[in-house]
Amino acid sequence: TSYQIDQALNNTFTSGLQTFTAATNSYSATGLAASTTYYYRVRAVNSAGASGNSAVAQATTQSGVTIPSIPTSVTATATSSSAISVAWASVVGATSYAVDQALNNTFTSGLQTFNTSSTTYGATGLTASTTYYYRVRAVNSAGASGNSTVVQATTSTSGGGGTSQWTT
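About the cut-offs
- Sequence order as written defines the numbering, with residues in each chain counted from 1.
- Totals for whole chains, interfaces and linings use all residues, but because this is a predicted model, local features are given only for residues with pLDDT of at least 70 and pairs of side-chain atoms are given and counted only at 80 or more.
- For side-chain calculations, the full set of non-hydrogen atoms in the structure is used, while hydrogens and water are omitted.
- Centres within 6.5 Å make a pair out of two Phe, Tyr or Trp rings, where for Trp the six-membered ring is used; the pair is then stacked when the planes are under 30 degrees apart, edge-to-face when over 60, and tilted otherwise.
- Two thresholds decide whether a charge sits over a ring: the Lys NZ or Arg CZ must be within 6 Å of the ring centre and within 35 degrees of the ring normal.
- Numbering of helices and strands runs from the N terminus; a helix is a DSSP stretch of H or I covering at least four residues, while a strand is a stretch of E covering at least two.
- Pairs of residues are marked as contacts when any of their non-hydrogen atoms sit within 4.5 Å.
- Think of a polar contact as two N or O atoms within 3.5 Å of one another; within protein, one of them needs to be a possible hydrogen donor and the other a possible acceptor, and neighboring residues in sequence only count if both atoms come from side chains.
- At least two DSSP bridges between two strands are needed for those strands to be called paired.
- Axis lines are fitted through C-alpha atoms, for helices just across the contact stretch, and the angle between N-to-C directions can take any value from 0 to 180 degrees.

## Things to note about the packing of aromatic side chains
- The tally for this structure, following the rule as stated, stands at 3 aromatic pairs.
- Considering the side-chain rings of phenylalanine 20 and tyrosine 27, the 5.1 Å spacing of their centres and the 25° angle between planes classify their relative orientation as stacked.
- The side chain of arginine 41 reaches across the aromatic face of phenylalanine 13, ending 4.0 Å from its centre.
- Seen from the ring of phenylalanine 107, arginine 135 lies directly overhead, with NZ or CZ sitting 3.9 Å from the centre.

Pasting the structure below:
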């Protein structure tokens, strides 16, 4: 008629033992600690009493770290004929950022990826009078976010000022 589920922090059920009752043959444990192994055993119950314990099963919860959100407020500004400054808003939970630089907005020509722990990236050694495209991803131990919106900037001619543009 019901089931008793024992949950514990060790396979001898002497640490952190909790017992739950379920009316069906499934149970979802919630509110658990991240990166923790839990052990389970089940007993069937009816008016005559409870069965013996099932075999022990175990599962480890995930780390609790989630992939960070996509960076926002991305800008690209040409600072000379050979340099562009890329900046974006800080992302909660990010431990680093991956910055893609390319010669077209589909990132199929001249793609290079740079990693930084800062919310800015200074591209140098660029070609004068050339448009470069940028997108940014936030990264942590769970993985990388999706790509930010694409921004672009054009380096100036030798010795002149550059232009900056935003593309969505």
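## Things to note about the environment of tyrosine 38
- With respect to the helices and strands, tyrosine 38 occurs in strand β3 (residues 37-46).
- Each C-alpha atom, one on tyrosine 38 and one on alanine 8, is 5.8 Å from the other, the two residues being 30 residues apart in sequence.
- Filtering out sequence-adjacent residues up to four positions away, tyrosine 38 remains in contact with Gln7, Ala8, Leu9, Leu32, Ala33, Ala57, Gln58, Ala59 and Thr61.
- A distance of 2.9 Å separates a polar side-chain atom of tyrosine 38 from the backbone nitrogen of alanine 33.

## Remarks on the environment of serine 145
- Its location among the elements puts serine 145 in the loop between β12 (143-144) and β13 (151-154).
- Other than its neighbours up to four places away in sequence, serine 145 contacts Ile67, Pro68, Ser69, Ile70, Pro71, Arg137 and Ala138.

## Here we look at the sheet that holds strand β6 (residues 75-78)
- The sheet built from 3 strands is open, its strands ordered β6-β7-β10 with antiparallel pairing. The open sheet terminates on both sides in strands that have one partner only, identified here as β6 and β10 (120-124). Within the sheet, the average angular offset between the axes of one strand and its neighbour, ignoring direction, is 15°.
- For β6 and strand β7 (residues 83-87), the ladder comprises 4 bridges, and the chain directions are antiparallel. Bridged to threonine 75 within β7 is alanine 87.

Honestly, that's just the spatial picture; any functional story needs more than this.
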